[in-house]
Amino acid sequence: MKNSFSSVIVGCMDWGSWRRNFDTSEMTELIEESVSLGLTSFDHADIYGDYTVEEQFGKALDKANVSRQDLQIISKCGIQYSCEARPHSVKHYQYDTAYIIESAERSIAHLQCDYLDLFLLHRPSPLMRPEAVAEAVNTLKAQGKIKAFGVSNFTPSQTDLIATQSQIAVNQIQCSLTHLSPFFDGSLDHMMTHGISPMAWSPIGKVFKDKSESTYRIHAVLNKLCEEYQATKDQIVLAWLMAHPSGIIPVVGTTQKERLATAAKAAEIKLSEIHWFELLVASQGHKVP
Ligand SMILES: NC(=O)c1ccc[n+]([C@@H]2O[C@H](COP(=O)([O-])OP(=O)(O)OC[C@H]3O[C@@H](n4cnc5c(N)ncnc54)[C@H](OP(=O)(O)O)[C@@H]3O)[C@@H](O)[C@H]2O)c1
């Protein structure tokens, strides 16, 4: 499964009204630029930009000089976000069969992409029923509307519950040098055990955002490793995730072409085990037991 995605996935959360407000031609340019860098996989969710980014991306994709079959398009469903487009009384999750199917069909229509390479349940719901999910997944797969199915932000037991009735290809989780819990709470072990590919959202974490003792220590190690590997800091941070044996695929959020270009080359950096642990210890602030 993991081989079908680019080594780094381009996250589209910030392309629209939540941050960058790109117009169609800017999105078209970024799609073409990403693909020219070998970054052929794009991560969406229906909610991005308050349910607007997928449609904007679809218009841009229609104009882009790229072939659909060379791309991998990911989307997610299930968050009923309270906003102008959907004035719910409360933010909640919805995973009945009809809604899952309708969401996938709407994302495909908005994205103008014919099918989704991967469709994820965005967040676990206490009310989700594995048989209702399976009915939707089977229908969508049989109709060729989704190639693969997965989850996002699911614990191992939540994953097991859905896996009783549906094959899970991917779990997209928060995971980075500054968000270490998946390495120790069984999440990544569970995915390796069950042949599930991990995708890491916010893979850069707080490395550049926070000025804390932890990030200060991380930067001290990064300064040394950048010299040693002739790489940039963000490349080392991504290479650190990719060094894990579960085959983590980072979903990067940057929309800057230069940063996408360096991210595209991060997989070429093979961090030694000792350097992996130097960064872990710098993040944690204590040595391993
Ligand atoms: N499944 C889920 O629940 C879920 C949740 C959140 C996000 N996601 C997905 O994950 C994607 C990535 O999330 P994210 O945006 O949090 O990821 P990220 O790649 O960890 O963070 C990107 C941030 O780091 C900054 N950055 C990167 N390199 C830098 C550098 N060298 N120096 C300074 N700043 C640097 C970027 O700034 P610039 O933009 O200025 O480069 C951007 O603000 C989203 O687009 C979305 O597709 C999924």
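Along each chain, the written sequence defines residue order, and numbers are assigned to residues from 1. Totals for whole chains, interfaces and linings use all residues, but because this is a predicted model, local features are given only for residues with pLDDT of at least 70 and pairs of side-chain atoms are given and counted only at 80 or more. In computing side-chain properties, one takes all heavy atoms of the structure into account and sets aside hydrogens as well as water.

Caption draft 1: Quick look at the overall build of the chain. Secondary structure elements are taken from DSSP: a helix is a run of H or I of four residues or more, a strand is a run of E of two residues or more, and numbering for both begins at the N terminus. Helix and strand counts for the chain stand at 12 helices and 10 strands. Based on C-alpha atoms, the radius of gyration is set beside the globule rule, defined as 2.2 Å times the residue count to the power 0.38. At 19 Å, the chain has a C-alpha radius of gyration in line with the 19 Å of a compact globule built from 289 residues. Reported as C-alpha extents along the three principal axes, the dimensions of the chain are approximately 50 × 45 × 35 Å. The contact criterion used throughout is that any non-hydrogen atoms of two residues lie within 4.5 Å. Long-range pairs, those at least 24 residues apart, make up 76% of the contacts in the chain with a sequence separation of at least 6. Note that accessible areas follow from Shrake-Rupley with a 1.4 Å probe, and for residues the cover is restricted to the protein chains shown. Accessible area of the chain: about 13300 Å², with a carbon and sulfur share of 49%. Residues counted as positive are Lys and Arg, residues counted as negative are Asp and Glu, and His and the chain ends are not counted. Charge positions are represented by NZ for Lys, CZ for Arg, CG for Asp and CD for Glu. The distance from the centre of the 26 positive side-chain charges to the centre of the 33 negative ones in the chain is 3 Å.

Caption draft 2: Examining unusual backbone geometry more closely. Its identity as a non-glycine residue notwithstanding, Asn21 has a phi of 55 degrees, on the positive side. One non-glycine residue with positive phi stands out, namely Gln230, at about 50 degrees. Positionally, Gln230 belongs in the loop between helix 9 (213-229) and helix 10 (233-242). A 1.4 Å probe rolled over the protein chains alone gives each residue an accessible area, and that area as a share of the maximum for its type sets the label: buried under 20%, exposed over 50%, partly exposed in between. Relative accessible area serves as the criterion here: at 69%, Gln230 is assigned to the exposed category.

Caption draft 3: Up close: the site of the ligand. What makes a residue near a molecule or strand is one non-hydrogen atom of that residue sitting within 4 Å of it. Inspection of the region around the ligand gives 27 residues, with Asp43, Ser202, Ile204, Thr254 and Arg259 positioned closest. Polar contact criterion, stated in full: a pair of N or O atoms within 3.5 Å, where within protein one must be able to donate a hydrogen and the other to accept it, and residues adjacent in sequence count only if both atoms are side-chain atoms. Within the side chain of Arg20, one N or O atom sits 3.2 Å away from an oxygen atom of the ligand. Within the side chain of Gln256, one N or O atom sits 2.8 Å away from an oxygen atom of the ligand. Considering the ligand on its own, with 920 Å² of exposed area, one finds that the protein chains cover 87% of that surface. Under the grouping applied here, Gly and all other residues not named as nonpolar or charged are polar, the nonpolar ones being Ala, Val, Leu, Ile, Met, Phe, Trp, Tyr, Cys and Pro and the charged ones Asp, Glu, Lys and Arg. Tallied by class, the residues present in the shell around the ligand amount to nine nonpolar, 11 polar and seven charged.

Caption draft 4: Region of the structure containing the pattern of salt bridges. Within this document, salt bridges are pairs made up of a side-chain nitrogen of Lys or Arg and a carboxyl oxygen of Asp or Glu, the two lying within 4 Å of each other. One pass over the full model with this rule turns up seven salt bridges. Between Arg68 and Asp117 there is a salt bridge, with its nearest N and O atoms 2.8 Å apart. Of the two residues, Arg68 is situated in the loop between helix 3 (53-63) and strand 3 (72-77) and Asp117 in the loop between helix 4 (97-111) and strand 6 (118-121); the sequence distance between them amounts to 49 residues. The same class applies to Arg68 and to Asp117, which are both buried. When the shortest N-O distance is used, the salt bridge between Lys224 and Glu278 registers 2.7 Å.

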